[in-house]
Amino acid sequence: MSQLIASKLHKGLSPDQFIEGMTKNRETFESWLNRFEWHTEELEEFYDSLNNRDDLRCMILAADWCGDVVRNVPVVFKAMEKAGIPTEVLIMEENLDLMDQHLTMGGRAIPVVLFIDTGGHLLGKWGARPKYVQEVMTAFKAENPDREAPDYQEKLTEARKEIGRRYGEDNAYQKVILEEIRDILSGV
């Protein structure tokens, strides 16, 4: 797997290129980017403390059509910018080989945020959603294994509504993402 990741290094889009190339959801993406907050001084200081690390890279599998990307990637962009960690975005549909190495419960869920070293070795992974939001989809899939069931789509729609409720209307969810990523980066 590290060979595959290494082969993708320096092949992605910069955060600015990703935003500029968005054909869907750009306004919403930029809105979440502009509404970003650190929430605590401790979180901001943690990410700032990573600036002396030149061995970390961040690779994000994403697509502009995905609601979780629109919500979550702005937080990752801001955190990586503060940390001074070079970040690149790989469009999921153009990188299915890498995507299929990082499935969530057997499915292609994005964003997938990979933290790697300069040689492409995987150090940690986050995504596609904060854990408390992902719990909804985990429960849905456990309770609805038959995609052909007559009420599958109806139940999926309800699960997606609950995901939206858990994200909420404000940016409080961003703190959870910052904490989850901090926990990953603290161990690398």
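This report concerns the structure included in the present document. Because the structure is a prediction, the values reported are computed rather than measured.

**Digging into the overall build of the protein**
Within the protein, the regular secondary structure consists of nine helices and four strands. Scanning the protein from its N terminus toward the C terminus, one meets helices and strands in the order α-α-α-α-β-α-β-α-β-β-α-α-α. For 188 residues, the compact-globule estimate of 2.2 N^0.38 gives 16 Å, and the protein sits close to it at 16 Å. Oriented by its inertia axes, the alpha-carbon framework of the protein measures out at about 55 × 35 × 35 Å. When the 188 residues of the protein are sorted by exposure, 46% land in the buried category. In the protein, once contacts between residues fewer than 6 apart in sequence are set aside, the share between residues at least 24 apart is 78%. By element, 46% of the accessible surface of the protein is carried by carbon and sulfur atoms, the whole surface being about 9,600 Å². Counting 23 positive and 34 negative side-chain charges, the protein places the averaged centre of each group 3 Å from the other.

**Points about the sheet that holds strand β4 (residues 122-127)**
Spatially, four strands are ordered β2-β1-β3-β4 in an open sheet, and the strand pairing comes out mixed. Of all strands in the sheet, those bounded by a partner on one side alone are β2 (87-91) and β4. Going across the sheet, the axis of each strand differs from the next one's by a mean of 20°, ignoring polarity. Two elements, strand β1 (residues 56-62) and strand β3 (residues 112-117), share six bridges in a ladder whose sense is antiparallel. Within β3, the residue paired with L61 across the bridge is V112. Relative to β1, helix α5 (residues 67-83) is tilted by about 165°, and along the sheet it contacts β1, β2, β3 and β4.

**Quick look at unusual backbone geometry**
Geometrically, the link from I110 to P111 is a cis peptide bond, its omega value of 5° lying close to zero. Residue placement: P111 occurs in the loop between α6 (96-99) and β3. Here the bond from G127 into A128 is cis, since omega is 0°, no more than 30 degrees from zero. Here N25, not a glycine, exhibits a phi torsion of approximately 65°, which is positive. Here N25 falls in the partly exposed class, since its relative accessible area comes to 34%. Although it is not a glycine, H39 sits at a positive phi angle of roughly 70°. The residue H39 is located in the loop between α3 (26-34) and α4 (41-49) in this model.

**Points about the side chain of R182**
Inspection of the secondary structure assignment puts R182 in helix α9 (residues 172-186). Under the relative-accessibility criterion, R182 is labelled buried at 18%. Separated by 3.1 Å, the side chains of R182 and E42 make a polar contact. In contact with R182, not counting residues within four places along its chain, are E42, L43, F46 and Y47.

What counts and how
Residues numbered from 1 in each chain as written. Predicted model: local features only at pLDDT ≥ 70, side-chain atom pairs only at ≥ 80, totals over all residues. Heavy atoms only, no water. Helix = DSSP H or I, 4+ residues; strand = E, 2+ residues; numbered from the N terminus. Rg over C-alpha atoms; globule rule 2.2 N^0.38 Å. Buried < 20%, exposed > 50% of the residue type's maximum accessible area, 1.4 Å probe, protein only. Contact = heavy atoms within 4.5 Å. Areas by Shrake-Rupley, 256 points an atom, 1.4 Å probe, with all protein chains shown as cover. Lys, Arg positive; Asp, Glu negative; His and termini not counted. Charge placed at Lys NZ, Arg CZ, Asp CG, Glu CD. Pairing = 2+ DSSP bridges. Axes fitted to C-alpha atoms, helices over the stretch in contact; angles between N-to-C directions. Polar contact = N/O pair within 3.5 Å; in protein donor to acceptor, adjacent residues only side chain to side chain.

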